[in-house]
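# Architecture at a glance
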Amino acid sequence: MTDVVRLEVQGDIALITVSNPPVNALGHAVRAGLLQAFQDAETDSRVRAVILICQGSTFIAGADIKEFGKPPQAPSLPEVIDTIESCSKPSVAVIHGTALGGGLEVALGCHYRIARKDAKVGLPEVKLGLLPGAGGTQRLPRLAGVAKALDMIVSGQPISAAEALEHTIIDELFEGELAAAGIGFARRLLDDGRGPRRSGEQTRGLEGADNEALIRAKHAEVAKRMPGLFSPLRCVAAVEAAVKLPLAEGLKRERELFVECLNSPQRGALVHSFFAERQASKINDLPADVKPRAINSAAVIGGGTMGVGIALSFANAGLPVKLLEINEDALLRGLQRARDTYAASVKRGSLTEEAMEKRLSLVTGVTDYGALADADVVVEAVFEDMDVKRQVFEQLDAVCKPGAILASNTSSLDLNAIATFTKRPQDVVGLHFFSPANVMRLLEVVRGEKTSDDVLATAMAIGKQLKKVSVVVGVCDGFVGNRMVFQYGREAEFLLEEGATPQQVDAALRNFGMAMGPFAMRDLSGLDIGQAIRKRQRATLPAHLDFPTVSDKLCEAGMLGQKTGAGYYRYEPGNRMPLENPALAPMLEAASREKGIERRELEEQYIIERTIFALVNEGAKILEEGIAQRSSDIDVIYLNGYGFPAFRGGPMFYADSVGLDKVLARVRELHARCGDWWKPAPLLEKLAAEGRTFTEWQAGQ
Ligand code: 3HC
Ligand code: NAI
């Protein structure tokens, strides 16, 4: 027996226990251990039934993702599951935590499944660019029906144990201790004379529905809703094999499709995204013994767009939060906005009325700073104006208890300067939420010069409490995300002067996989935001760092985007569908004329390189300056805050996969033709010359 899988015989029941922290992933040792344990249980004449349980916080959470792309090592998971399923003695998987991917497939290989009430089960492989490759696409439809199996496999979303019971994926729910529940269930099986019941031999899920129609409908839905993704259509094809082929042939087809996915570049990018997100929570230079401060209550200053969203994020996490505004009127508006936001969720059906009231009861409106004396963390979200920030932080310094975290949601002001408005700069940190703050997962945690280690650790812990993906960034104009997106947006505008239309640029970037094109995005957030930033930057930027002018012209004409019915596009009242804005074409032609540019047809690839490589070049500077800890952190920011396609792994990973030498050649060309702002980042030059990637690079090397 291996260390990670133990077999123990208690009377006539074999207890197989997997112990491979942290998530009992099915690495080589676990697969070999499971194979051996089930073979031993089969040959041990004392054994009449087998139960499979896992130690630690969860049942098996899937294949070991770190092994993907490495040479396969026997036994393969399908081989292990085949042995489990063909065992002549009834077996029971006892599920707690999350039975995911290969974990659920192992459970489906067992003859019966019971789950603790709080457990979840799912096949999330599609999120890693894969499909369930160890029988999941063949066995799940046979148990749960084709419609449910397609939903679970194509969405990758886990379901609750109760829902799994409803769909006969699970036989029974239990509470309490795992081994006792498993042994109890196995004992009943033996008493009732029930033997093996193999999922692969079941037919009930395949009967009574028009499965071919379900497959066709899902195929059409995936083709429409997930364009550009490699694995979802193959998920559908694998389930189709379950419908049309006998088990053995279906399993063979599943394997072929799985290997296609495994070898696709999208799998590499999505696995990178998975680990990048987990890596982002680690702070390189933080001593291991640093303890975060306890956070049991919060306060937010400013009940505008961001303040309300941030307050709701705290309430969603079950934390009491005070919302402070300048006067009663502004406060009432803020509280109403909070109620309206929840009411919209109730209307959509994503929140119950009861949950809304419970969450709203956690939000208390105040106008007096004295009410903030006991808050563990205060997040400031007032106007983006240094004088206003000064007033707020001076008052916070006067009233907040010692040890309270004083955070600013500023998106562009100098956090180090804000910290000087207090006598406790070590307690000041940036918590840069993204709009809408109650929805967007990204949180940039801004580490000021004086931010103490435990405040930084607490800020990361707050992010976790709020279920955000938190990334540590340093202080600079725009931090990581906005500093880069500024370059991207500017290049998009230059493309308009060269000959493109907003429609062409947006379509090229959507085809690349961006959730939204840059111009549709600007129309959504309002063109005046960019104008304010440009005004501020024009005062300090060297003259040669020219700005395109079309956006300014639109602002001058009062076309600020969706909110005014026109911007880069035109909008019918009450409709967000972007239509052509007839006022734009003459503005574009005038802008080209003014700069002496002859408008020309632009190729899609050129549009993509001009904008995405602008992100990459700025990202390289950010990395070298130490504003981001690692290139994968930049990827996490773009994947979670800017709609960058996960199947490309983020801008830095994308550049790595294109090849930094090729990226550099293009950047040099743009530098020579467009202007000095395209000067290649020294780090890009260095890595390209050394044949290395951003992902491999560590600061100081
Ligand atoms: N393989 C290897 N490592 C894994 C892993 C896996 N399947 N799942 C999680 N880990 C690692 C994480 O990288 C992390 O490592 P770190 O501490 O060094 O950063 C550690 O386990 C803990 O993970 P989380 O921080 O994510 O812990 P949570 O408690 O928040 O979440 C979880 C636990 C829900 C299990 C989550 O980790 C998860 O969703 N894991 C991935 C599950 C998955 O995708 N399974 C399918 C794999 S593909 C497959 O099975 C193919 C098969 O069909 C052939
Ligand atoms: P907003 O204008 O919608 O709201 C600001 C609110 O602050 C107003 O309700 C105002 O009454 C209140 N306020 C002003 N001075 C105050 C004071 N002294 N005390 C208490 N309340 C006061 O602004 P928005 O968009 O919510 O931005 C707030 C902050 O968040 C800014 O620093 C901004 O840069 C930042 N931010 C904005 C994002 C966005 O997309 N809007 C994204 C990320 C950060």
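The sections below set out a description of the structure shown in this document. (Residues numbered from 1 in each chain as written. Chains lettered and ligands numbered in written order. Predicted model: local features only at pLDDT ≥ 70, side-chain atom pairs only at ≥ 80, totals over all residues. Heavy atoms only, no water.)

It is worth spelling out the site of ligand 2 at this point. Near ligand 2 lie 23 residues; those nearest to it are Met306, Glu325, Glu384, Lys389 and Ser411. Contact distances for ligand 2 include 3.0 Å between an oxygen atom and a backbone N or O atom of threonine 305. The side chain of lysine 389 places a nitrogen or oxygen atom 2.7 Å from an oxygen atom of ligand 2. For ligand 2, the accessible surface in isolation is 830 Å², of which the surrounding protein chains cover 80%. When residues of the shell around ligand 2 are traced back to their parent elements, those giving at least two are helix H12 (305-316), helix H15 (386-399) and strand S15 (428-433). Tallying contributions element by element places H15 first for the shell around ligand 2, with three residues. For the shell around ligand 2, the per-class residue count stands at eleven nonpolar, nine polar and three charged. (Near = heavy atom within 4 Å. Polar contact = N/O pair within 3.5 Å; in protein donor to acceptor, adjacent residues only side chain to side chain. Areas by Shrake-Rupley, 256 points an atom, 1.4 Å probe, with all protein chains shown as cover. Helix = DSSP H or I, 4+ residues; strand = E, 2+ residues; numbered from the N terminus. Nonpolar A, V, L, I, M, F, W, Y, C, P; charged D, E, K, R; others polar.)

The next point concerns the nonpolar core. Ranked by internal contacts, the top residues of the largest apolar core, which has 96 residues, are Leu396, Val480, Val505, Ile612, Phe644, Leu684 and Phe694. In terms of residues, this core owes the most to one element, helix H24 (residues 604-624), which gives eleven residues. Both domain 2 (298-475) and domain 3 (481-696) contribute no fewer than three residues apiece to this core. Setting aside chain neighbours within four positions, we find phenylalanine 694 in contact with Val616, Ala620, Leu623, Ser631, Met652, Ala655, Asp656, Leu660, Leu683, Leu684 and Leu687. Residues Ala14, Ile95, Leu143 and Ala149 belong to the second largest nonpolar core, which totals 66 residues. (Core = buried A, V, L, I, M, F, W, Y, C linked by side-chain atoms within 4.5 Å. Buried < 20%, exposed > 50% of the residue type's maximum accessible area, 1.4 Å probe, protein only. Domains from an automatic or database assignment. Contact = heavy atoms within 4.5 Å.)

Turning our attention to the packing of aromatic side chains. Using the criterion set out here, one finds eight aromatic pairs in the structure. Between phenylalanine 512 and phenylalanine 644, the ring centres sit 5.7 Å apart and the planes meet at 80°, which makes this aromatic pair edge-to-face. Of this pair, phenylalanine 512 sits in helix H19 (residues 502-512) while phenylalanine 644 sits in the loop between helix H25 (631-641) and helix H26 (651-658); the two residues are 132 residues apart in sequence, bridging distant segments of the chain. Neither residue differs from the other here; phenylalanine 512 and phenylalanine 644 are each classed as buried. With 4.5 Å between their ring centres and 50° between their planes, phenylalanine 519 and tyrosine 568 make a pair best called tilted. One end of the pair, phenylalanine 519, is in helix H20 (residues 518-525); the other, tyrosine 568, is in the loop between helix H22 (550-556) and strand S18 (569-570), and 49 residues separate them in sequence. You'll find phenylalanine 519 and tyrosine 568 in the same group, each marked buried. Each residue in the set Phe434, Tyr638 and Tyr642 is aromatic and connected to the rest through ring pairs, giving one cluster. Directly above the aromatic system of phenylalanine 230 lies the positively charged group of arginine 234, at a separation of 3.6 Å from the ring centroid. The ring of tyrosine 606 has arginine 600 sitting right over it, with the charged end atom 5.3 Å from the ring centre. (Phe/Tyr/Trp six-rings, centres within 6.5 Å; stacked < 30°, edge-to-face > 60°. Lys NZ or Arg CZ within 6 Å of the ring centre and 35° of its normal.)

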